[in-house]
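Examining the three-dimensional arrangement
One letter stands for each residue in the lines below.
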Amino acid sequence: MEIRALGGQGLEVGAEGLGLMGMSAHYGATDDTESLATIDRALELGATLLDTAEGYGPFRNEQLLGRALSGRRDAAVVATKTGVEFTDDGAFRGHNGTPDYIRRSADRSLRHLGTDHIDLYYLHRVDPAVPVEESVGAMAELVEAGKVRHIGLCEVSPATITRAHGVHPLTAVQTEYSLFERGIEHDGVLDTLRELGIGLVAYSPLGRGFLSGAITSPDDFAADDFRRTDPRFQGENFRRNLAVVDQVRRLAAEKGVTPSQLALAWTLQQGAVPIPGTKRRRYLEENVAATAVTISAAERAAIDAVAPHGVASGDRYAPELMASLNG
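Structural notes, computed from the coordinates. (Residues numbered from 1 in each chain as written. Predicted model: local features only at pLDDT ≥ 70, side-chain atom pairs only at ≥ 80, totals over all residues. Heavy atoms only, no water.)

1. Topic: the overall build of the protein
In plain terms, the rule: In DSSP terms, a helix is any run of H or I states spanning at least four residues, a strand is any run of E spanning at least two, and both are numbered starting from the N terminus. Radius of gyration means the value over C-alpha atoms here, while the globule rule gives 2.2 Å times the residue count to the 0.38 power. Here, two residues are considered to be in contact whenever any of their heavy atoms come within 4.5 Å of each other. For the area figures, the Shrake-Rupley method with a 1.4 Å probe applies, and any residue is considered shielded solely by the protein chains shown. All tallies of charge rest on Lys and Arg as positive and Asp and Glu as negative; His and the ends of each chain are not included. All charge positions are set by atom: Lys at NZ, Arg at CZ, Asp at CG, Glu at CD.
Of the regular secondary structure elements, the protein holds 11 helices and 12 strands. Scaling as 2.2 N^0.38, a compact globule of 327 residues should have a C-alpha radius of gyration of about 20 Å, and the protein matches this with 19 Å. Seen through its C-alpha atoms, the protein measures out along the principal axes to roughly 50 × 40 × 40 Å. Of all intrachain contacts in the protein linking residues separated by at least 6 positions in sequence, the fraction that spans at least 24 positions is 73%. Taken as a whole, the protein presents about 13000 Å² of accessible surface, with 49% of it coming from carbon and sulfur. Seen as two clouds, the 33 positive and the 45 negative side-chain charges of the protein have centres 3 Å apart.

Next up, the structure:
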């Protein structure tokens, strides 16, 4: 797999990474044995950017990654996140971007990961009660202490990116970006990242599985799968979104690739590092194969025609979660 520079601060990663959240939370039943084998295979294939967060579980996902990297820490680029507060016993407390919490949660993440440094440390969500300059200042102190190598933000506005970057250079911004979610092309985020030389990490590049073409009914989800409450998987929204997926599936078939591979190849062509989440090796291998798929100008135009900005029906999160975006 091609190695890419992520941002302008010297961090290099495989062109495609792996999102680990579903291995421990939010997407139904988990299987640590298969998850560990999937992480092994990701590293074998060059998908070095492994994305977790203290809130995934909480803590179980970081601990799982720590087990996977035992004895070979340098094989991976470890990304984790702070700013959403949990007590040590896993109770959710809300946003907390205070310097004190950031320092404490970083030390806790290091323990759970079994490492002495985090390669890429994100502010998971901006705390509206704390100026982003204070939060990023604390993250910069962690860089100076050697506990963190690079820092980034998640789901933020252009103004916040600029303010934060003025405190300490950002290596990456992580946000949702896919054929279903192209908002950053129109709200100034993508332009700001390019102007400042900050990398883009695209989470949910398959539209939470929609763009895989494998989802036919929300009733297929496990009872504890959060997509049961996702507006894009509800009622008329689901029907309309499935019609878009049918068009993506048609274009993929004409090209001789899977819908997932077409969607990921498009995201890669935009200059993003996608981190599709999966907990199974067979889907990982399918996803990684997208790094060898090229898209012509004509194919790009056909994709844009069926999946333009705003094509998805429904908000991408339930209302209470939408309120935490674009800090």
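2. Side note on unusual backbone geometry
Spelled out, the test is: Residue exposure (1.4 Å probe, protein chains only): buried if accessible area is under 20% of the type maximum, exposed if over 50%, otherwise partly exposed.
Geometrically, the link from G57 to P58 is a cis peptide bond, its omega value of -5 degrees lying close to zero. Relative to the assigned elements, P58 resides in the loop between β4 (49-51) and α2 (60-68). For H26, which is not glycine, the phi dihedral falls at a positive 75 degrees. Looking at the secondary structure, you find H26 in the loop between β3 (18-19) and α1 (32-45). Relative accessible area serves as the criterion here: at 38%, H26 is assigned to the partly exposed category. Look at E155: it is not a glycine, yet its phi comes out positive at around 50 degrees. With respect to the secondary-structure elements, E155 resides in the loop between β9 (148-154) and α5 (158-167).

3. Some remarks on the pattern of salt bridges
Formally: Each reported salt bridge corresponds to a side-chain nitrogen of Lys or Arg within 4 Å of a carboxyl oxygen of Asp or Glu.
Under the definition given, this model contains 28 salt bridges. D40 serves as the salt-bridge partner of R72, at 2.1 Å between the closest nitrogen and oxygen. Linking R72 in the loop between α2 and β5 (77-82) with D40 in helix α1, this pair joins segments that are 32 residues apart in sequence. A salt bridge links D100 to R104; the nearest nitrogen and oxygen atoms lie 3.0 Å apart. On the criterion of helical spacing, the pair formed by D100 and R104 is a turn pair, its members being four residues apart in helix α3 (residues 99-113). The exposure class assigned to R104 is partly exposed, which follows from its relative accessible area of 43%. The network of salt bridges with shared partners includes E155, E176, R208, D230 and R316.

4. Examining the side chain of R208
Heads up, the condition is: Polar contacts, as used here, are pairs of N or O atoms within 3.5 Å; protein pairs need one atom able to donate a hydrogen and one able to accept it. Residues neighboring in sequence count only if both atoms are side-chain atoms.
Mapped onto the fold, R208 is located in the loop between β11 (199-203) and α7 (235-255). One polar contact links R208 to Y317, side chain to side chain, over a distance of 3.0 Å. In this structure R208 touches Y27, E176, Y203, I215, F226, R227, D230, F233, R316 and Y317, once residues within four positions along its chain are discounted.

5. Here's the deal with the pairing of strand β10 (residues 172-176)
Quick note on the threshold: When DSSP finds two or more bridges between a pair of strands, those strands are recorded as paired. Consider the strands pointing away from the viewer: the crossover is right-handed when the path from the first strand over the helix to the second runs clockwise.
Counting buried positions along β10 gives five out of five residues, so the element sits mostly inside the fold. Summarising the sheet, β9 and β10 pair through three bridges and their orientation is parallel. Across the sheet, C154 pairs through a bridge with Q174, a residue of β10. Following the backbone out of β9, through α5 and into the adjacent parallel β10, one traces a crossover that is right-handed. Crossover β10 to β11 through helix α6 (residues 189-196) is right-handed.

6. Considerations on the sheet that holds β4
Spelled out, the test is: Note on geometry: axes are C-alpha line fits, over the in-contact stretch for helices, and angles between N-to-C directions span 0 to 180 degrees.
Strand order in the open sheet formed by eight strands is β3-β4-β5-β8-β9-β10-β11-β12, and the pairing between neighbours is parallel. Sheet topology places β3 and β12 (273-274) at the edges, where each strand pairs with a single neighbour. Where β10 lies against β11, five bridges are found, and the strand directions are parallel. Counterpart to A172 in the pairing with β11 is G199. α3 rests against β5 and β8 (118-123) of the sheet, and its axis sits at about 140 degrees to β8.

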